[in-house]
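Here's the letter readout for the chains.
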Amino acid sequence: MRVLILGATGGIGVLLVGRAVADGHTVVVYARSPEKLPQNLRDSSQIIIRKGQLTDAESLSDALQDVDAVLSALGPAVSRGPFHPRGEPLAHAYSLIIKVMKERGVSRLIALGTPSIKDPHDKHSLVMSTIVSGVATFASTAYKDVVAIGETICREGDTIDWSIVRVPLLNSGSNESFIAGYVGDGQTTTSLTRIAFVAFVLQELTKKEWVKARPLVTSP
Ligand SMILES: NC(=O)c1ccc[n+]([C@@H]2O[C@H](COP(=O)([O-])OP(=O)(O)OC[C@H]3O[C@@H](n4cnc5c(N)ncnc54)[C@H](OP(=O)(O)O)[C@@H]3O)[C@@H](O)[C@H]2O)c1
Ligand SMILES: *[C@@H]1O[C@H](CO)[C@@H](O)[C@H](O)[C@H]1NC(C)=O
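Residues numbered from 1 in each chain as written. Chains lettered and ligands numbered in written order. Predicted model: local features only at pLDDT ≥ 70, side-chain atom pairs only at ≥ 80, totals over all residues. Heavy atoms only, no water.

**Some words on the overall build of the protein chain**
Point 1. Each helix and strand in the protein chain was counted, giving 7 helices and 10 strands.
Point 2. For 220 residues, the compact-globule formula gives about 17 Å, and the C-alpha radius of gyration of the protein chain, at 16 Å, lands near that figure.
Point 3. In terms of principal-axis extent, the alpha carbons of the protein chain reach across some 45 × 35 × 35 Å.
Point 4. Across the 220 residues of the protein chain, 49% fall into the buried class. (Helix = DSSP H or I, 4+ residues; strand = E, 2+ residues; numbered from the N terminus. Rg over C-alpha atoms; globule rule 2.2 N^0.38 Å. Buried < 20%, exposed > 50% of the residue type's maximum accessible area, 1.4 Å probe, protein only.)

Printed below as a string of structure tokens:
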């Protein structure tokens, strides 16, 4: 397949690009700072790099040409800590991405979310609600943007086969096992390796088991 990857320059994104290429996909990277991609990926003949902002409809539309699916690891930048901008920039970006996807006839979107985005299947979990409350208190602009991402995809993605892959605390472990479920289901945990997120997303790209769903994906 030909996939467009957003957030490709982040910790998850670099792993996602590498694994998508290894799986035989052609990858279009749309990034504001593509120079952050490792050299071996920039040199790959399977990777097409497009530099642009998430507010630029024309460049986004060019990048989406002939794409089968959009995979997004976008999220508030970890390095900026609590200093995510106000005004929900990423939710606005998703609104534009979905609009351009519809224009281009691209119907599959797999996007990173967090448990700040609620799902009716979630049950109460003290530890998860404590984590979410901490984020809402100490990183409120990031929290609001993530909640708005969930609302935007759900509201505007009516004709799109979207999946929101909600991630708990991330780490750099090498174990690729994952569990997909919901908060408080007795199976999911509170941590996930970045590479297991990647493994889940690439499996979901072909299996389509979680369309119009918001699973919580964790390490076992
Ligand atoms: N660490 C945790 O425990 C944890 C838990 C739950 C969720 N998360 C979230 O999971 C996400 C992915 O994790 P990660 O480790 O891969 O994060 P990361 O290294 O900070 O990557 C974030 C990616 O999003 C891009 N991005 C953010 N804002 C953007 C904007 N306005 N325009 C264009 N690109 C933008 C960044 O682009 P640039 O490289 O150009 O900045 C980067 O590619 C993060 O958003 C993080 O907040 C983290
Ligand atoms: C990954 O974790 C699973 C579940 O905890 C475990 O069964 C498996 O052996 C681990 N795999 C590796 C390669 O360590």
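**Here we look at unusual backbone geometry**
Across the chain, the bulk of peptide bonds are trans and the bulk of non-glycine residues have phi less than zero.
Point 1. In the Ramachandran plot, K208 falls in the positive-phi region, its phi being about 50° despite a non-glycine side chain.
Point 2. Relative to the elements of secondary structure, K208 occurs in the loop between α7 (194-207) and β10 (216-218).
Point 3. What makes K208 partly exposed here is its relative accessible area of 41%.

**A few points about helix α1 (residues 11-22)**
Point 1. Between its first and last C-alpha atoms α1 spans 17 Å; for 12 residues at 1.5 Å apiece the expected length is 16 Å, and the two agree.
Point 2. Turning to α1, its buried residues are I12, G13, L16, V17, A20 and V21. For α1, the angular spread of buried residues about the axis comes to 160°, placing them on one side. (Expected span 1.5 Å × (residues − 1). Arc of directions from axis to C-beta.)

**Re the site of ligand 2**
Point 1. In the neighbourhood of ligand 2, the contacting residues comprise N175, S177 and P220.
Point 2. Between ligand 2 and N175 there is a distance of 2.4 Å, counted from an oxygen atom to a side-chain nitrogen or oxygen.
Point 3. Protein contact buries 26% of the 360 Å² of open area that ligand 2 shows by itself. (Near = heavy atom within 4 Å. Polar contact = N/O pair within 3.5 Å; in protein donor to acceptor, adjacent residues only side chain to side chain. Areas by Shrake-Rupley, 256 points an atom, 1.4 Å probe, with all protein chains shown as cover.)

**A few points about the pairing of strand β5 (residues 108-113)**
Point 1. For β5, a buried count of 6 out of 6 residues is recorded, marking the element as mostly surrounded by other parts of the structure.
Point 2. The alternating pattern of β5 places R108, I110 and L112 on one face and L109, A111 and G113 on the opposite face, and all of these are buried.
Point 3. Where strand β4 (residues 69-72) meets β5, 3 bridges bridge the pair, whose relative direction is parallel. Across the sheet, S72 pairs through a bridge with A111, a residue of β5.
Point 4. In this structure, β5 lies alongside strand β6 (residues 161-166), joined through 6 bridges in parallel fashion. Bridging from a neighbouring strand, L112 pairs with V165 of β6. (Pairing = 2+ DSSP bridges.)

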